[in-house]
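Topology and contacts: notes
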Amino acid sequence: MSTGTYAPKPGAAPVGRMIAAQTALETRMLLRNGEQLLLTVIIPSLLLVLFSTVDIVDTGEGYAVDFLAPGVLALAVLSTAFTGQAIATGFERRYGVLKRLGASPLPRWALMTAKTLSVLVTEVLQVLLLTVIALALGWSPHGNPLSVLVLLVLGTAAFSGLGLLMAGTLKAEATLAAANLVFLLLLVGGGVIVPLEKFGAAGDVLALLPIAALSDGLRDVLRDGASMPWGDALILAVWAVLGLGAAAKFFRWE
């Protein structure tokens, strides 16, 4: 048999190409899922429009949309990086998808990288959509876009770590219930729609939650024009280190 009979040469593709292909697949699967679209697109958009146009919650001085838009952006990160990723990964683990992918030429770290990149791609689409809606409602953002980017990346890392930790340690059904419950609790008590000041003394404790830190940090930049809310960034960084570290240590592939 002469050289060159097999063309192209059999073997695994370069890792970069495998990550890109898996990222595209993960993104398509996420966007085709009706429940994921409900969490990532429909609910944040409806909340932004409803609470910006109907005087239901006292958001303080100024236009309601100026308070709500940063919080809804934080909610979008929560819905994708935490809730959506936890549920999807939990069921992939239950059905043996992760185990099979772990035995493929795609390294396990590359699979997690692809999942993270898929989350980032989805978040870009979410941010663009919510920004257009908020601008149509009269939103006037301020501040440094780089600070916004840093906060969103830190928030994504924090929520991704917590989502993977939940998906890798609980059963799929428990992950489904817990992830949705946490989403609802953080929506109400995380400073997304209702200012933390409304919770009295408990607001100081709630401010330490990653959703509250992300909401307040984005609000400081986009509404108040702050350069960089280092306190909120530090809270997010701590959650990111703890979440990702715990996920790496305790995640079970089957």
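Right, let's walk through the structure included here. In this text the structure is predicted, and so the values were computed from the model without any measurement.

**So, a nonpolar patch on the surface**
Among the surface-exposed residues, Leu146, Leu149, Val150 and Val153 lie close enough to one another that they form a single nonpolar patch of about 340 Å² accessible area. Positionally, Val150 belongs in helix H6 (residues 145-169).

**Focus on the side chain of Lys115**
Within the secondary structure layout, Lys115 lies in helix H5 (residues 108-136). For Lys115, a relative accessible area of 5% gives the class buried. A distance of 3.3 Å separates a polar atom in the side chain of Lys115 from a polar atom in the side chain of Glu26. Among the polar contacts listed, one links the side chain of Lys115 to the side chain of Glu92, at a separation of 2.6 Å. The residues contacting Lys115, other than those within four sequence positions of it, are Glu26, Gln85, Thr89, Glu92 and Leu98.

**Side note on the side chain of Gln126**
Within the secondary structure, Gln126 sits in helix H5. In this structure the side chain of Gln126 is engaged in a polar contact, spanning 3.4 Å, whose partner is the side chain of Ser79. Residues within four places of Gln126 in sequence aside, it is in contact with Thr40, Ala76, Ser79 and Thr80.

**Comments concerning the packing of aromatic side chains**
In the structure shown here, the tally under the stated rule is one aromatic pair. Considering the side-chain rings of Phe91 and Tyr95, the 6.1 Å spacing of their centres and the 35 degrees angle between planes classify their relative orientation as tilted. Judged by relative accessible area, which is 54%, Tyr95 ranks as exposed. Between Arg219 and the ring centre of Phe67, over which it is positioned, the NZ or CZ distance is 3.7 Å.

**A look at H6**
If you check H6, its first and last C-alpha atoms are 36 Å apart, about what 25 residues at 1.5 Å a residue would give, namely 36 Å. The N-capping residue of H6, defined by a side-chain oxygen 2.9 Å from the backbone nitrogen of Leu146, is Asn144.

**Overview of the packing of H6 against helix H10 (residues 230-250)**
It is the contact of H6 with H10, at a shortest axis distance of 7 Å, that shows an interaxial angle of 30 degrees. Taken together, H6 and H10 sit at an angle that is classed as roughly parallel. Between H6 and H10 lies a crossing whose hand is left-handed. Two secondary-structure elements touch here, H6 through Leu151, Leu154, Gly155, Ala157, Ala158, Gly161, Leu162, Leu164, Leu165, Gly168 and Thr169 and H10 through Ala233, Leu236, Ala237, Trp239, Ala240, Gly243, Leu244, Ala246, Ala247 and Phe250. Across the contact of H6 with H10, the residue classes break down as 16 nonpolar, five polar and no charged.

**A few points about the pattern of salt bridges**
Evaluated as defined, the whole model comprises five salt bridges. Among the ionic pairs, Lys115 bridges to Glu26, the shortest N-O distance being 3.3 Å. Placement of Lys115 in helix H5 and of Glu26 in helix H1 (residues 15-32) is noted, with a sequence separation of 89 residues between them. Arg94 is the salt-bridge partner of Glu173, the closest N and O atoms lying 2.4 Å from each other. Note that Glu173 is positioned in helix H7 (residues 172-189) and Arg94 in helix H3 (residues 64-94), a separation of 79 residues in sequence. Overall, Glu173 belongs to the partly exposed group, its relative accessible area being 40%.

**Section: the nonpolar core**
By size, the foremost hydrophobic cluster in this structure holds 45 residues, and its most contacted members are Leu48, Leu78, Leu151, Phe159, Ile193, Leu214 and Leu218. Elements supplying a minimum of two residues to this core: helix H2 (34-53), H3, H5, H6, H7, helix H9 (210-222) and H10. Counting residues per element, this core draws most heavily on H3, which supplies 15 residues. In contact with Leu78, other than residues within four places in its own chain, are Thr83, Phe159, Phe183, Leu186 and Ile211. Of all hydrophobic cores here, the second largest spans 12 residues; its members include Ile19, Leu98, Ala114 and Phe251.

**Here we look at H5**
Taking 1.5 Å as the rise per residue, H5 with 29 residues should run 42 Å; its terminal C-alpha atoms sit 43 Å apart, in good agreement. Buried within H5 are the following residues: Ala110, Leu111, Met112, Ala114, Lys115, Ser118, Val119, Thr122, Glu123, Gln126, Leu130 and Ala134. Gly138 sits one or two positions beyond H5 and adopts a positive phi of about 100 degrees.

Quick notes on the rules
Residues numbered from 1 in each chain as written. Predicted model: local features only at pLDDT ≥ 70, side-chain atom pairs only at ≥ 80, totals over all residues. Heavy atoms only, no water. Patch = residues over 30% accessible without salt bridge, like charges linked within 9 Å, V, L, I, M, F, W, Y side chains within 5 Å. Areas by Shrake-Rupley, 256 points an atom, 1.4 Å probe, with all protein chains shown as cover. Salt bridge = Lys/Arg side-chain N within 4 Å of Asp/Glu carboxyl O. Helix = DSSP H or I, 4+ residues; strand = E, 2+ residues; numbered from the N terminus. Buried < 20%, exposed > 50% of the residue type's maximum accessible area, 1.4 Å probe, protein only. Polar contact = N/O pair within 3.5 Å; in protein donor to acceptor, adjacent residues only side chain to side chain. Contact = heavy atoms within 4.5 Å. Phe/Tyr/Trp six-rings, centres within 6.5 Å; stacked < 30°, edge-to-face > 60°. Lys NZ or Arg CZ within 6 Å of the ring centre and 35° of its normal. Expected span 1.5 Å × (residues − 1). Axes fitted to C-alpha atoms, helices over the stretch in contact; angles between N-to-C directions. Parallel < 35°, antiparallel > 145°, perpendicular 65-115°, else oblique. Left-handed = near helix turned anticlockwise from the far one by under 90°. Nonpolar A, V, L, I, M, F, W, Y, C, P; charged D, E, K, R; others polar. Core = buried A, V, L, I, M, F, W, Y, C linked by side-chain atoms within 4.5 Å.

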